[in-house]
Amino acid sequence: MSMQEIPLHELNAQEFIETTVSEISASVGTGTAVNALSGGVDSAVVTILAHKALGDRLKSYFIDNGLMRRNEPEQIRQWFAELGITVEIIDAVNAFFDALKGKTDPEEKREAITETFYKHVFGDLVRKSGARYLLQGTNYTDVEETVAGIKRQHNILEQLGINPEERYGYKVLEPLIRLRKPAIRIIGKTAGLHPNLYLRPPFPGPALAARIIGEVTFERVEMVRAATDIVERSLASTSAFQYLAILHEDHVTGIRAGKRDFGCQIEVRCWESEDAITASPSRLPFETLEQLADEITDRVPGVTSVTYNITKKPPSTIEAV
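Notes on the structure follow.

Parameters and conventions
Residues numbered from 1 in each chain as written. Predicted model: local features only at pLDDT ≥ 70, side-chain atom pairs only at ≥ 80, totals over all residues. Heavy atoms only, no water. Helix = DSSP H or I, 4+ residues; strand = E, 2+ residues; numbered from the N terminus. Contact = heavy atoms within 4.5 Å. Axes fitted to C-alpha atoms, helices over the stretch in contact; angles between N-to-C directions. Parallel < 35°, antiparallel > 145°, perpendicular 65-115°, else oblique. Left-handed = near helix turned anticlockwise from the far one by under 90°. Pairing = 2+ DSSP bridges. Nonpolar A, V, L, I, M, F, W, Y, C, P; charged D, E, K, R; others polar. Salt bridge = Lys/Arg side-chain N within 4 Å of Asp/Glu carboxyl O. Buried < 20%, exposed > 50% of the residue type's maximum accessible area, 1.4 Å probe, protein only.

Some remarks on the environment of Ser43
Next, step 1: Considering the arrangement of structural elements, one finds Ser43 in helix H2 (residues 41-54).
Next, step 2: Those residues in contact with Ser43 that lie beyond four places of it in its chain are Ala36, Leu37, Ser38 and Gly137.

As for the packing of helix H1 (residues 13-28) against H2
Next, step 1: Two elements in contact, H1 and H2, have axes whose closest approach is 8 Å; the angle formed by their N-to-C orientations is 60°. By the angle between their directions, the pair H1 and H2 is classed as oblique. Here H1 and H2 pass one another in a crossing that is right-handed. Together, Phe16, Ile17, Thr20, Val21, Ile24, Ser25 and Val28 of H1 and Leu49, Ala50, Lys52, Ala53 and Leu54 of H2 make up the contact between the two elements.

Quick look at the pairing of strand S6 (residues 242-256)
Put simply, side chains in a regular strand alternate between the two faces of the sheet.
Next, step 1: Here 12 bridges tie S6 to strand S7 (residues 259-272), and the two strands are oriented antiparallel to one another. By the bridge assignment for S7, His251 is matched with Cys264.
Next, step 2: Counting the residues that bridge the hairpin from S6 to S7 gives two residues, and of these Ala257 lies at a positive phi of roughly 55°.

Notes on the packing of helix H10 (residues 218-235) against helix H11 (residues 286-299)
Next, step 1: Packing of H10 against H11 leaves a shortest axis separation of 10 Å and a crossing angle of 150°. Considered as vectors, H10 and H11 are oriented roughly antiparallel to each other. Read as a crossing pair, H10 and H11 show a hand that is right-handed. From H10, Ile230, Val231, Arg233, Ser234 and Leu235 reach across to H11, where they touch Thr288, Leu292, Glu295, Ile296 and Arg299.
Next, step 2: Each residue belonging to the contact of H10 with H11 can be placed in one class, and the counts come to five nonpolar, two polar and three charged.

Quick notes on the pattern of salt bridges
Next, step 1: In total, this model carries 16 salt bridges according to the counting rule given.
Next, step 2: Linking Glu319 and Arg211 is a salt bridge whose minimum nitrogen-to-oxygen distance equals 2.8 Å. Here Glu319, found in the segment after strand S9 (303-308), pairs with Arg211, found in the loop between helix H9 (195-198) and H10; they are 108 residues apart in sequence, far enough to count as distant.
Next, step 3: On the accessibility criterion, Glu319 (9% relative accessible area) is buried.

That's the geometry; what it means functionally is another story.
Structure representation (structure tokens):
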């Protein structure tokens, strides 16, 4: 890649913030910009930087695609309201589930999400607002993994030869594209974000669709959403880089009330990592794993098996899809 990373040890957070705010202001000029806020660390940091640059000329939207964690839209809106930043929630649930219907191939699912985000949802928002720019939280690892062919990150466009202005009608600004996650957390802290935002565990752009092997349906999303609730609450006190639940496609035989129960399998992953380039499974106490398995099988209808991933990255990856 021709783009140069800013390593963590070379980062001057205050200088980066001042430079980036000036660059956003210069790019947008006297116009308006649309901001894609997913609630993850990267998009949250972009939001506060862009707000510093543009103030009320920034239109921040949270796209409710039906694939987020429980109560995510309202929680994110509340956190940013406390910072004086208005976030509008856009209901796009049906658009995303229609686009994902019948798709099981990981790359086809990611492409469906990309097109729905950029062409349909944000395309409409940009046209209605009159904005010429979309701000988003692409980071260096997103680009690196996509260009290397490991997995297509839905927010990677120009690095794959896609001109968003020609294809969608607006330019994309990516203020964090030279930083990895640890550096972005430092920028968020320095810029004044609440720890609930800059310390959140990483969450994929395709959201829970990236944690479902096979077709994405309302029922399967609700299943992995419930498991995610349990995993995030149970492992929040660890020092792990990331922790998540994955819904597998295969069904496995279980037993309930003395009878056969042919149900679903949830895989739990918990990672130790500095930069997401490499990662090792956390050595969680066996009692913690047992408690996770008990709570997931008790509280998530249809789940009869819980497993724990013990494979390093590489050859594994942090997310499953």
